[in-house]
Amino acid sequence: MNHSYINDYSINTSCDRFYKLGWHQLFNEQKRNVENNKCNLVIIGDSIAKGFSRYHDIWNSFKDFNALNLGIGGDKTQHVLWRCQQIDFPSSLKYVFLFSGTNNVDQNLPSDIADSLLRIGLSIITLHKNIKVFISALLPRDFNKNSVRRHKIIECNRYLEKNCSLSNENIIFIPQRSDEWLEDNGTLRCNLYYSDFLHLSKPGYKKLSESVLSAINDVNIYHINTTKNINILPGT
């Protein structure tokens, strides 16, 4: 394969991280794991996704779904897209939660990051039409509310929220309310983050895991109500 370092910065082209020692080994292990398990839930993305598994009791909240974690630290959206294109997801899989995009913030435009996340969702449901793909809003980062990254993340999330439902009904946006992650003055809630103001602490992951379970519950309630409406005939 003819690799180019330029591809790593092209958000519109899926690519691997061939230059990262151990990356392909980790990917292949994850690929074998997901293809040989009857999982109902996959969490995929960068280090934010990977961090769910750091705390046993947090990860255990997904035990009813036989969940698998496909997070790889440092991945950008184009790397996650490449991985999704290589994996044959099992027929048992119902839900994919995508946590990605923050590693693109320094190099790419907010709209391009959002489009890349939507591209990942579409690549999954094109081949697996019964899967629901949940795309999380990018979490706020950087302690200072006036940072360039913070503003780009806000813009990216606005674009995502607007376009998720337009792209496909099986691609669902998960908003992350700013008042749950920020203090009244706009600074990060320090108890939810590590000192790098990017990666999450255990309380941060507890909050994030609750958003995952809530999203699944909302979709199931919607499905039940929709089915009931379909089955109720006029005049009955």
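Refer to the structure presented above.
Here the structure is a predicted model, which is why all the values come from computation and not from measurement.

Engineer: Please explain the side chain of S100 as it appears in this structure.
Structural biologist: If you trace the backbone, S100 turns up in the loop between β3 (95-99) and α5 (110-127). With a relative accessible area of 6%, S100 lands in the buried category. Beyond its immediate chain neighbours, meaning those up to four positions away, S100 contacts G45, D46, K76, T77, V80, L117 and L138.

Engineer: I tried to follow the pattern of salt bridges on my own but got confused; where do I start?
Structural biologist: Where charged atoms from two side chains of opposite charge come close, those side chains can pair. Scanning the model with the defined rule gives nine salt bridges in all. Measuring nitrogen to oxygen at the nearest pair gives 2.9 Å for the salt bridge that ties D106 to R149. With D106 in the loop between β3 and α5 and R149 in helix α6 (residues 148-167), this pair connects stretches of sequence that are 43 residues apart. For D106, a relative accessible area of 47% puts it in the partly exposed group. Salt-bridge contacts for D142 lead to R149; the nearest nitrogen and oxygen are separated by 3.2 Å. With relative accessibility at 15%, the residue D142 sits in the buried group. The network of salt bridges with common partners includes R17, D75 and R83.

Cut-offs and rules
- Residues numbered from 1 in each chain as written.
- Predicted model: local features only at pLDDT ≥ 70, side-chain atom pairs only at ≥ 80, totals over all residues.
- Heavy atoms only, no water.
- Helix = DSSP H or I, 4+ residues; strand = E, 2+ residues; numbered from the N terminus.
- Buried < 20%, exposed > 50% of the residue type's maximum accessible area, 1.4 Å probe, protein only.
- Contact = heavy atoms within 4.5 Å.
- Salt bridge = Lys/Arg side-chain N within 4 Å of Asp/Glu carboxyl O.

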